[in-house]
Amino acid sequence: MTVAPTLPGAVTVRVPAKVNLELRVGPRRPDGYHALATVYQAVSLHDEVSVARWDDWEVVAAGPYAERIPLDGDNLAVRAARLVADRWQVDERVSIRIDKDIPVAGGMAGGSADAAATLLACDHLWGLGLDRDELAELAASLGSDVPFSLAGGNAMGSGRGEQLAPVLARGTFHWVFAISDTGLSTPQVYAECDRLRERDGVDVPEPHVSAELMAALRSGEPAALGAALHNDLEPAAFSLRPQLRELRDAGVEFGALGGVVSGSGPTVAFLTESHEASLDLSVSLAASDLCRDLRRAKGPVHGAQVVPAPRD
Ligand SMILES: C[C@@](CO)(OP(=O)(O)O)[C@H](O)COP(=O)(O)OP(=O)(O)OC[C@H]1O[C@@H](n2ccc(N)nc2=O)[C@H](O)[C@@H]1O
Ligand SMILES: Nc1ncnc2c1ncn2[C@@H]1O[C@H](COP(=O)(O)OP(=O)(O)O)[C@@H](O)[C@H]1O
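Residues numbered from 1 in each chain as written. Chains lettered and ligands numbered in written order. Predicted model: local features only at pLDDT ≥ 70, side-chain atom pairs only at ≥ 80, totals over all residues. Heavy atoms only, no water.

Going by an unreviewed UniProt entry, the protein chain carries the name 4-diphosphocytidyl-2-C-methyl-D-erythritol kinase and comes from Terrabacter aeriphilus. Check the Pathway (unreviewed entry) section of the UniProt entry for the protein chain; it says "Isoprenoid biosynthesis; isopentenyl diphosphate biosynthesis via DXP pathway; isopentenyl diphosphate from 1-deoxy-D-xylulose 5-phosphate: step 3/6." Under the Catalytic activity (unreviewed entry) heading, UniProt states for the protein chain: "4-CDP-2-C-methyl-D-erythritol + ATP = 4-CDP-2-C-methyl-D-erythritol 2-phosphate + ADP + H(+)". (UniProt positions renumbered as here; feature names shortened; annotations may be inferred.)

Okay, here's the thing in structure tokens:
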């Protein structure tokens, strides 16, 4: 996917987007985060992040969503590189190139993916030999979703989403992602979730992943998984962006096995029976004019991985 040359000696990492198959949001904790029980699946929309030695911190971006990410110290990839350099006292700076194919602020963990990719790339570039636990600890300090971007596959997330456990799963699933042209802010969606719960006097229990979802993943049956998709942030995303409900309902009417807002949205994820069914659904959704862009993908896929350098 690389669309422009990378610097000599660069290390490149390919990293996937995610969808939350189930997202249960518990009470707001004293630190401001919410207790979560979630099941993540990594899907085949990828960013590529290349890191090379440079005389200053620098980030450049390319790809369809590149103009929407910050190119200063706020970029999560730059924060990740600086964190590794500070922690292991590496007196070097890097140029980071992001080939961005994951929608920005879409609930698909694009920024987290770039942070995870940068951690792995810096580890390789600087020959640090960090183990899985050291990388996961750095990842969690950058964001709740970052450990999963490193891990990939299917995984259960607890705590604020950063504590991962394996799940038993079989099969490959075919998705259609309906992408909006403006993102939703994750903190705003959590705040709206709190507001709606307070307004409605909802008693919020400790969150648990459902037996139905775990059984669906074990069976590998798309119809069972479609029926088990669930997101507690969906009412908040619908409240902030009412047209998303119409989009979700349209996709289900057009034959999706299930439709759910991905994470904090506004991307809506539709599960289909097969690759062919995902093509059909994309055609119907495109004709409906309810979203800006449609992407097909399969899951699960690997987490962040170093791309082997081409041989001369
Ligand atoms: C909603 C989810 C679902 O997987 O994904 P996205 O929609 O962002 O992809 C995640 O919880 C997002 O994780 P991430 O984007 O890494 O969030 P962080 O940087 O850790 O936190 C950003 C803000 O989101 C809120 N937040 C995040 C995680 C959590 N368990 N409770 C929260 O309340 C807090 O307001 C926090 O300040
Ligand atoms: N490397 C990056 N890629 C994407 N977004 C980034 C990056 N660095 C910082 N951001 C910012 O992080 C915010 C969340 O974006 P993103 O991680 O794509 O969405 P989400 O949290 O919904 O999954 C956006 O405001 C975006 O500008």
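A. View of the sheet that holds strand S9 (residues 258-261). Strand order in the open sheet formed by four strands is S9-S10-S7-S11, with antiparallel pairing between adjacent strands. Two strands close off the open sheet at either side, each with one partner strand: S9 and strand S11 (293-299). Put simply, the sheet's adjacent strands are angled 25° from each other on average, direction ignored. Where helix H10 (residues 275-288) meets the sheet, its contacts fall on strand S7 (173-179), strand S10 (268-272) and S11, and the angle it forms with S11 comes to roughly 165°. (Pairing = 2+ DSSP bridges. Helix = DSSP H or I, 4+ residues; strand = E, 2+ residues; numbered from the N terminus. Axes fitted to C-alpha atoms, helices over the stretch in contact; angles between N-to-C directions. Contact = heavy atoms within 4.5 Å.)

B. Looking closely at the UniProt feature "domain: GHMP kinase C-terminal" (unreviewed entry) in the protein chain. With numbering matched to this structure, UniProt assigns "domain: GHMP kinase C-terminal" (unreviewed entry) to residues 213-277. What you have in residues 213-277 is 54% helix and 17% strand, and the ends, taken at the C-alpha atoms, are 22 Å apart.

C. Layout of the domain arrangement of the protein chain. What the domain assignment lists for the protein chain is domain 1 (11-167) and domain 2 (173-299). The distance between the C-alpha centroids of domain 1 and domain 2 comes to 22 Å. The interface is formed by 34 residues belonging to domain 1 together with 43 residues belonging to domain 2. Buried surface at the junction of domain 1 and domain 2, summed over both partners, amounts to about 3,000 Å²; 58% is from carbon and sulfur atoms. Viewed at the interface, domain 2 and domain 1 are joined by two salt bridges. (Domains from an automatic or database assignment. Buried area = accessible area lost by both parts, 1.4 Å probe. Salt bridge = Lys/Arg side-chain N within 4 Å of Asp/Glu carboxyl O.)

D. Structural detail: the pattern of salt bridges. Considering all chains together, one arrives at 17 salt bridges under this definition. Linking Arg14 and Glu48 is a salt bridge whose minimum nitrogen-to-oxygen distance equals 3.7 Å. One end of the pair, Arg14, is in strand S1 (residues 11-28); the other, Glu48, is in strand S2 (residues 34-54), and 34 residues separate them in sequence.

E. The arrangement of the nonpolar core in detail. Grouped together as the largest cluster of nonpolar side chains are 65 residues, with contacts concentrated most on Leu21, Ile96, Trp175, Phe177 and Leu225. The leading source of residues in this core is helix H2 (residues 110-125), at nine residues. In this structure, Leu21 is in contact with Val39, Gln41, Asn154, Trp175, Leu213, Leu217, Leu225, Ala228, Leu229 and His230, ignoring residues within four places of it in sequence. Counting residues in each nonpolar core, the second largest holds 23 residues, with Val25, Ala256, Val268 and Cys291 among its members. (Core = buried A, V, L, I, M, F, W, Y, C linked by side-chain atoms within 4.5 Å. Buried < 20%, exposed > 50% of the residue type's maximum accessible area, 1.4 Å probe, protein only.)

F. Main features of the site of ligand 1. Of all residues adjacent to ligand 1, which total 22 residues, the nearest are His34, Ser144, Asp145, Tyr190 and Ser264. Residue Lys18 places a side-chain N or O atom 3.0 Å away from an oxygen atom belonging to ligand 1. The side chain of Thr186 places a nitrogen or oxygen atom 3.1 Å from an oxygen atom of ligand 1. In the complex, the protein chains occlude 83% of the 690 Å² of accessible area that ligand 1 would expose alone. Residue assignment for the shell around ligand 1 shows that the elements contributing at least two residues are S1, S2 and helix H5 (186-200). (Near = heavy atom within 4 Å. Polar contact = N/O pair within 3.5 Å; in protein donor to acceptor, adjacent residues only side chain to side chain. Areas by Shrake-Rupley, 256 points an atom, 1.4 Å probe, with all protein chains shown as cover.)

G. Expanded view of the packing of aromatic side chains. Under the definition given, this model contains two aromatic pairs. Ring centres of Tyr40 and Phe148 lie 4.6 Å apart, and the angle between their planes is 10°; on these two criteria the pair is classed as stacked. Of the two residues, Tyr40 is situated in strand S2 and Phe148 in helix H4 (residues 146-151); the sequence distance between them amounts to 108 residues. Of the two residues, Tyr40 and Phe148, neither departs from the other in class, the shared state being buried. Here Trp175 and Phe177 contribute two aromatic rings whose centre-to-centre distance is 5.9 Å and whose plane-to-plane angle is 20°, an arrangement assigned as stacked. The buried category is assigned to Trp175, whose relative accessible area is 1%. With a relative accessible area of 0%, Phe177 lands in the buried category. In this structure, Arg160 packs its charged tip against the face of Tyr33, placed 5.1 Å from the ring centre. (Phe/Tyr/Trp six-rings, centres within 6.5 Å; stacked < 30°, edge-to-face > 60°. Lys NZ or Arg CZ within 6 Å of the ring centre and 35° of its normal.)

H. Expanded view of the confidence of the model for the protein chain. Confidence in the prediction for the protein chain averages 95 pLDDT; 98% of positions are at 70 or higher. For this predicted complex, the interface score ipTM comes out at 0.97, while the overall pTM is 0.96. (pLDDT = per-residue confidence, 0-100.)

I. Region of interest: the environment of Leu7. Considering the arrangement of structural elements, one finds Leu7 in the segment before S1. A relative accessible area of 30% means that Leu7 is categorised as partly exposed. Apart from residues lying up to four places away in sequence, Leu7 is in contact with Ala52, Trp54 and Ser95.

J. How the structure looks around the site of ligand 2. Within the structure, ligand 2 sits among 20 residues, and Ala105, Gly107, Ala109, Gly111 and Asp114 are positioned closest to it. Here a nitrogen atom of ligand 2 and a side-chain polar atom of Asn75 are 3.1 Å apart. A distance of 3.4 Å separates an oxygen atom of ligand 2 from a polar backbone atom of Gly106. Relative to its unbound accessible area of 540 Å², ligand 2 is 78% covered by the protein chains. The biggest single contributor to the shell around ligand 2 is H2, with three residues. The residue makeup of the shell around ligand 2, split by class, is nine nonpolar, seven polar and four charged. (Nonpolar A, V, L, I, M, F, W, Y, C, P; charged D, E, K, R; others polar.)

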